[in-house]
Amino acid sequence: MNRQIAIREIVERILMFKLDHPLRVGVSGITASGKTTFANELQKEIHLQGRKIVRTSIDNFHNPRTIRYSQGKESAKGYYEDAHDYRSFAERLLIPLGPDGDMRYMMKSHDLETDMYMKTDPILASKDMIFIIDGTFVLKKGLQHLFDYKIFVETDFEIARERGSNREAKAFGNKEKAEGMFLQRYHAACHMYLEEHAPKQCANVVFMNNDIESPRVVFQNV
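Residues numbered from 1 in each chain as written. Predicted model: local features only at pLDDT ≥ 70, side-chain atom pairs only at ≥ 80, totals over all residues. Heavy atoms only, no water.

Details of the pairing of strand β7 (residues 130–134)
- Across the five residues that make up β7, a large majority, five, are buried.
- On β7, burial covers both faces: Ile 130, Ile 132 and Asp 134 on one face and Phe 131 and Ile 133 on the other are all buried.
- Here strand β1 (residues 23–28) runs beside β7; their pairing, made up of five bridges, is parallel. In the sheet register, Gly 26 faces β7, and the bridge partner there is Ile 133.
- Bridge count for strand β2 (residues 53–57) against β7 is five bridges, and the pairing is parallel. Of the residues in β7, the one forming a bridge with Arg 55 is Ile 132. (Buried < 20%, exposed > 50% of the residue type's maximum accessible area, 1.4 Å probe, protein only. Helix = DSSP H or I, 4+ residues; strand = E, 2+ residues; numbered from the N terminus. Pairing = 2+ DSSP bridges.)

Rendered as structure tokens:
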């Protein structure tokens, strides 16, 4: 399927929702699956349709370094368990936008550069807003019920590792080191996530992203 047609087909499903609160769309997928690019494409298409759209990420809710790396900088378990502040993510962003929320949300709890917690003024949402929220582990079981529409971007580990190691080669010194980090930390953590939380099974849509130009879309009744 042509990529733009696939994006529009998913957006058509999203725009069918009529809720008494903002629509919370969660986009998950293994590291370097292409989920951030995909989420940005959703944002662009929804904006073109004239709807109010907010684009954000769980990466605005990291834990401080002392917590993130408490099990070691190369630890897969540490990345899986400690990278993000799930409580703040839920309490500051997802829950306020839900059916029993007060519509006052926050976009961020932590600044990666300063490694400091942040306290920002709440933003008042409107019921017709759509939030596109991406992150590797956003469909953990404790968060699944806080999304109104769930999308899993499926990419084979080998393909994602090639994309990711090319992207992160400079950050890690070279491609080989980046590939090693994906094997040892990021994708090892993703295997834990898939086995424990089965995010693909809970998703309304599986976006099969091995072929960037011609992805496949599977709509699921969940």
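The structure having been displayed, the exposition proceeds.
Quick word on unusual backbone geometry
- Backbone geometry at Asp 115 places phi at a positive 60 degrees, although glycine is not the residue there.
- Classification of Asp 115 as buried rests on a relative accessible area of 18%.
- Of note in this structure, Ala 198 is not a glycine but carries a positive phi near 45 degrees.
- Within the secondary structure, Ala 198 is located in the loop between α8 (175–197) and α9 (199–202).
- Using a relative accessible area of 26% as the deciding quantity, one classes Ala 198 as partly exposed.

Things to note about the sheet that holds β7
- Pairing in this open sheet of six strands is mixed, and the strands run β2-β7-β1-β8-β9-β10 from one edge to the other. Each edge of the open sheet carries a strand with a single partner, namely β2 and β10 (216–219). Each adjacent strand pair in this sheet contributes to an overall mean axis angle of 20 degrees, direction not counted. (Axes fitted to C-alpha atoms, helices over the stretch in contact; angles between N-to-C directions.)

Topic: the side chain of Arg 161
- If you trace the backbone, Arg 161 turns up in helix α7 (residues 157–172).
- In this structure, Arg 161 is in contact with Glu 179, Phe 182, Leu 183 and His 187, ignoring residues within four places of it in sequence. (Contact = heavy atoms within 4.5 Å.)

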